[in-house]
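# Residue-level structural notes
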Amino acid sequence: YRCQHNILNSKNGVPVAENFRLEQSTIADTIQAGQVRVRTLYLSVDPYMRCRMNEDTGSDYLLPWQLSEVADGGGIGIVEESKHDNLAKGDFVISFSWPWQTVAILDGSLLQKLVPQLVNGHLSYFLGAAGITGLTALLGIKEKGHVAVGANQTMVVSGAAGACGSLAGQIGRLEGCSRVVGIAGTDEKCSILVQEMGFDAAINYKKEDVAEQLRKLCPGGVDVYFDNVGGDISDTVISQMNRNSHIILCGQISQYNKDVPYPPPLPPDIEKIQKERNITRERFLVLNYMDKQEASVLQLCQWIQEGKLKVRETMVEGLANVGGKIFIPFSENNNLIKYNDRRG
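Computed from a predicted model, the values in this text were never measured in an experiment. (Residues numbered from 1 in each chain as written. Predicted model: local features only at pLDDT ≥ 70, side-chain atom pairs only at ≥ 80, totals over all residues. Heavy atoms only, no water.)

## A short note on unusual backbone geometry
Rule in force here: Using a 1.4 Å probe on the protein chains alone, a residue whose accessible area is under 20% of its type maximum counts as buried, one over 50% counts as exposed, and one in between counts as partly exposed. Secondary structure elements follow DSSP: runs of H or I of four or more residues count as helices, runs of E of two or more count as strands, with numbering from the N terminus.
Located in the positive-phi region is His146, a residue other than glycine, with phi close to 50°. Taking relative accessible area as the criterion, His146 reaches 44% and is therefore assigned partly exposed. With a phi angle near 55°, Asn152 is a residue other than glycine that sits in the positive phi range. Secondary-structure assignment places Asn152 in the loop between helix H1 (132-145) and strand E8 (154-158). Taking relative accessible area as the criterion, Asn152 reaches 57% and is therefore assigned exposed.

Have a look at this one:
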């Protein structure tokens, strides 16, 4: 699956199907020392990928996809042949620069071996709840949320039905928040958040007055805000945050295809509120906390095994469907492409 052309005509462009093309090709019959041949099992399709469709991704740690080169991202596969000392046929492996192709020859040193038992056999969880998505939620709350058991804190999560947001609300509760309120875009999503994910309440921003509902559902104000969306919704939440509260700046998906700096500046009136109330709003990058990765992944896996962390995934079959998942406005839960075919 190759990137056909960037959105060069406008910095405010939106991805379309014509940005990609699907090809049939062959790969080498033999592998070199240190390499492995893998068959792709899962690919994760995430909101940040839209940033990679512009020459300027807006981030120094994200490289743009190159024209006519194979697109890549988080992926899991099984080793079919190995000439790497630490990997054997049948091993499950993961990489966050996995090429979007059904079979690939990769450098074994760039792959991490997986232990399926840690996630009760749900390999795909390593791309979501037990992977970067879960780490972002957990470390964001720990490092930027300043959640404390017994502090009677209220957390609000925007983009709450998405992959990171649905985990963040649950983790906020597990870490000590006394009340968790989500913001999502349909009644069905709001119902899932409350009935399955353990949120105390959820607001449908497309049908309800968010400011009014926040006053009703968070009468003591907001202490921690897990921000996935930015824009008007975040401005509304910030206006109801308490003094010395904290914004976990996870994502600004409403701004990703706009020509604005990251993080996007707040409107003057909201920025005034932030400063007067001493509300922290610092950029959060999970890659800065990789020294805490192993312990954090084990914590996430333990919660999954104990049934304390609920996971929902959106699964689509086949490489031909991968591009379409980038074009939707928001990532709902974890978007995954699964393979059953054996074409190269």
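## A look at the side chain of Ser95
Which entries qualify depends on this criterion: Any two residues whose heavy atoms approach within 4.5 Å are treated as being in contact.
When you line up the elements, Ser95 lands in strand E5 (residues 92-99). Given the relative accessible area of 7%, Ser95 is considered buried. Not counting the four nearest positions on each side in its chain, Ser95 is found in contact with Gly73, Gly74, Gly75, Leu110 and Leu111.

## Regarding helix H2 (residues 163-175)
For clarity, the threshold we go by: Helix span, as expected, comes to 1.5 Å for every residue beyond the first.
The end-to-end C-alpha distance of H2, which contains 13 residues, comes to 18 Å, matching closely the 18 Å that a straight helix rising 1.5 Å per residue would cover. In terms of burial, H2 is a largely internal element, eleven of the 13 residues being buried. Within H2, burial applies to Ala163, Cys164, Gly165, Ser166, Leu167, Ala168, Gly169, Gln170, Ile171, Gly172 and Glu175. Note on H2: the residue one or two positions beyond its end, Gly176, has a positive phi of about 135°.

## Description of helix H4 (residues 210-217)
Definition in use: As used here, the arc is the angular range of directions from the helix axis to the C-beta atoms. Contacts described as polar in this section are N or O atom pairs within 3.5 Å, which, within protein, must combine one atom able to donate a hydrogen with one able to accept it, while residues neighboring in sequence count only if both atoms come from side chains.
Among all positions of H4, only Val210, Gln213, Leu214 and Leu217 are buried. Taken end-on, H4 shows its buried residues confined to a sector of 105°, consistent with a single buried face. Exposed residues pointing more than 90 degrees away from the buried face of H4 are listed as Arg215 and Lys216. Looking at the buried side of H4, the elements it contacts are E8, strand E9 (179-184), strand E10 (201-204) and helix H5 (231-238). Among the residues of H4, the N-terminal cap falls to Asp209, whose side-chain oxygen and the backbone nitrogen of Ala211 are separated by 3.1 Å.

## Let's talk about the pattern of salt bridges
Side chains that differ in sign of charge can pair as their charged atoms come close. For clarity, the threshold we go by: Should a side-chain nitrogen of Lys or Arg be within 4 Å of a carboxyl oxygen of Asp or Glu, the pair is scored as a salt bridge.
Considering all chains together, one arrives at twelve salt bridges under this definition. For the salt bridge of Glu282 with Lys144, the shortest nitrogen-to-oxygen distance reads 2.6 Å. Remark: Lys144 occurs in helix H1 and Glu282 occurs in strand E13 (residues 280-283); sequence separation between them is 138 residues.

## Observations regarding the nonpolar core
Note on soluble globular proteins: their nonpolar side chains tend to be buried together. We count it as follows: The set of buried Ala, Val, Leu, Ile, Met, Phe, Trp, Tyr and Cys residues whose side-chain atoms join them within 4.5 Å is what this entry labels a nonpolar core.
In this structure, Phe126, Ile141, Ile171 and Phe226 are the most contacted members of the largest nonpolar core, which totals 48 residues. For this core, the elements supplying multiple residues, two or more each, are strand E3 (35-45), H1, E8, H2, E9, helix H3 (187-195), strand E11 (222-227) and helix H7 (293-305). In this structure Phe226 touches Thr136, Ala137, Ile141, Val156, Val157, Ser158, Cys164, Ala168, Ile248 and Cys250, once residues within four positions along its chain are discounted. Core analysis: the second largest hydrophobic core is formed by 21 residues, Val181, Ala201, Met241 and Ile273 among them.

## Describing the sheet that holds E10
Note on sheets: strands pair through backbone hydrogen bonds, and any given pair is parallel or antiparallel. How we decide: Here a strand pair is declared whenever DSSP counts at least two bridges between the two strands. The axes are straight lines fitted to the C-alpha atoms, using for helices just the contacting stretch, and the angles between their N-to-C directions are given from 0 to 180°.
One open sheet accounts for six strands, arranged E10-E9-E8-E11-E12-E13; its pairing is parallel. For this open sheet the edge positions go to E10 and E13, each flanked by a neighbour on one side alone. For this sheet, the mean angle separating the axes of adjacent strands, direction not counted, is 20°. Taken strand by strand, H1 contacts E8, E11, strand E12 (241-249) and E13, and its axis lies near 145° from that of E12. Where H4 meets the sheet, it contacts E8, E9 and E10, and its direction lies at approximately 170° from that of E10.

## Quick look at the packing of H1 against H7
Convention followed: Put simply, angles under 35 degrees are roughly parallel, angles over 145 are roughly antiparallel, angles from 65 to 115 are roughly perpendicular, and the rest are oblique.
At a closest axis distance of 10 Å, the pairing of H1 and H7 adopts a crossing angle of 100°. Put simply, H1 runs roughly perpendicular to H7. Taking contact as the criterion, the partners of Gly134, Leu135, Leu138 and Leu139 in H1 are, on H7, Gln293, Ser296, Val297, Gln299, Leu300 and Trp303.

## Focus on the environment of Met241
Within the fold, Met241 resides in strand E12. Classification of Met241 by relative accessible area gives buried; the value is 2%. Those residues within four positions of Met241 in sequence are excluded, and the remaining contacts are Val222, Asp223, Val224, Tyr225, His246, Ile247, Arg277 and Ile279.

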